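One letter stands for each residue in the lines below.
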Amino acid sequence: MNTAFLLTGGNLGNRLENLHAAARLIEKNCGSINSISSVYQTAAWGFAEQPDFYNQALSISTVLQPDELMQCLLAIESQMGRQRSFKMAPRIIDIDILLIDELIYNSITVAIPHPRLAERRFVLTPLAEIAGDIIHPVYEKTISELLKECKDELPVHKISLEK
C-alpha cells in the first residue's frame, strides 16, 4: 500500500462541486482518502486571462503503481468532461500526482515528485496543510519549508465553505 498526495483543481463550472466529485471518484477508483485539505482559490498560473482556480490536496492509500494511478486519474478527468485544448487552458478538473511515499520516478506518463511542486504556492499551500512535515525526496526539505522558500507570489486564499 502506498500513500499518494494529489492535487485537484479546476476553474470551470461549479468549481466546488467538481472538487467534491473528483474526490468521490478518486476514492471509488484509485484508493481510500486519508486526508483532504481546505479549498483554496488562486488566480490562474501561466495563462492568466481565465477564471480563478479552486484547488485542494488529498492524501490517499492506493495499491496502484504510479503509471496505473496516473491512468486512473486521467480517466476520471475524462469522465468529468475535461477537454484538453491548449497548455494551461481553463478546465473543469485537473488531477496531479504530487508525491508517492519517498518515490522518485519518471516515465512517459508521469514524473514523481511532480517536477514543479516546489515552484507553485497554489500547490504547496494545500499540501502543507495535510502534509507539512513530509520530506520532499529530491529537495530533502519538508513541504512547509518549501512553502516558506517559494518565490511564487500569486496569492492563495482559503475559501470559507460556511453559509
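Summarised in this report is the structure supplied together with it.

So, how was this worked out
- Residues numbered from 1 in each chain as written.
- Predicted model: local features only at pLDDT ≥ 70, side-chain atom pairs only at ≥ 80, totals over all residues.
- Heavy atoms only, no water.
- Core = buried A, V, L, I, M, F, W, Y, C linked by side-chain atoms within 4.5 Å.
- Buried < 20%, exposed > 50% of the residue type's maximum accessible area, 1.4 Å probe, protein only.
- Helix = DSSP H or I, 4+ residues; strand = E, 2+ residues; numbered from the N terminus.
- Contact = heavy atoms within 4.5 Å.
- Salt bridge = Lys/Arg side-chain N within 4 Å of Asp/Glu carboxyl O.
- Phe/Tyr/Trp six-rings, centres within 6.5 Å; stacked < 30°, edge-to-face > 60°.
- Lys NZ or Arg CZ within 6 Å of the ring centre and 35° of its normal.
- Axes fitted to C-alpha atoms, helices over the stretch in contact; angles between N-to-C directions.
- Parallel < 35°, antiparallel > 145°, perpendicular 65-115°, else oblique.
- Left-handed = near helix turned anticlockwise from the far one by under 90°.
- Nonpolar A, V, L, I, M, F, W, Y, C, P; charged D, E, K, R; others polar.
- Expected span 1.5 Å × (residues − 1).
- Arc of directions from axis to C-beta.

So, the nonpolar core
Ranked by internal contacts, the top residues of the largest apolar core, which has 27 residues, are L6, I26, C30, L69, L73, I76 and I97. For this core, the secondary structure elements donating two or more residues are β1 (2–10), α1 (15–29), β4 (53–62), α2 (66–79) and β5 (94–100). The dominant element in this core, judged by the number of residues it contributes, is α1, at six residues. Dropping the residues within four chain positions of it, L6 is found in contact with I26, Q56, A57, L58, I60, L69, L73, D96, I97 and L98. Counting 19 residues, the second-largest nonpolar core is a separate cluster that includes F5, A57, I143 and L146.

Some points on the pattern of salt bridges
Enumeration over the complete set of coordinates arrives at two salt bridges. One salt bridge connects E17 with R24, and the closest N-O pair in it is separated by 2.8 Å. K141 is paired through a salt bridge with E149; the nearest N and O atoms lie 2.8 Å apart. The class for K141 is partly exposed, based on a relative accessible area of 30%. E149 sits in the partly exposed class, given a relative accessible area of 42%.

Topic: the side chain of H114
By the secondary structure assignment, H114 is in the loop between β7 (111–112) and α3 (121–131). Look past the residues within four positions of H114 in its chain and what remains in contact with it is D96, I97, L98 and R120.

Section: the packing of aromatic side chains
Two measures describe an aromatic ring pair: the distance that separates the ring centres and the angle between the ring planes. A full pass over the atoms with the stated rule returns zero aromatic pairs. The side chain of R15 reaches across the aromatic face of Y54, ending 3.9 Å from its centre.

Regarding the environment of E129
Looking at the secondary structure, you find E129 in helix α3. Distance in space between the C-alpha atoms of E129 and Q56 is 10.0 Å, their sequence separation being 73 residues. In contact with E129, other than residues within four places in its own chain, are S37, S38, Y40 and K158.

A closer look at the packing of α1 against α2
At a minimum axis separation of 10 Å, α1 and α2 run at an interaxial angle of 140°. When the axis of α1 is compared with that of α2, the two are oblique. Like other packed secondary-structure pairs, α1 and α2 cross with a definite hand, here right-handed. On α2, the residues touching L25, I26 and N29 of α1 are C72, L73, I76 and Q79. Taken together, the residues of the contact of α1 with α2 sort by class into five nonpolar, two polar and no charged.

Digging into α2
End to end, α2 covers 20 Å across 14 residues, agreeing with the expected 20 Å (1.5 Å per residue, within 8%). Every buried residue of α2 is accounted for by P66, L69, M70, C72, L73, I76 and E77. Buried residues of α2, seen end-on, are gathered within an arc of 160° and therefore sit on one face of the element. Structural note: α2 exposes S78 and Q79 on the side pointing more than 90 degrees away from its buried face. Residues of α2 that are buried make contact with β1, α1, β4, β5, β6 (105–106) and β7. Phi turns positive, to about 100°, at G81, one or two residues after α2.

Quick notes on α3
Extensive coverage of α3 is indicated by the burial of eight of its 11 residues. Those residues of α3 not exposed but buried are F122, V123, L124, T125, P126, L127, A128 and A131.

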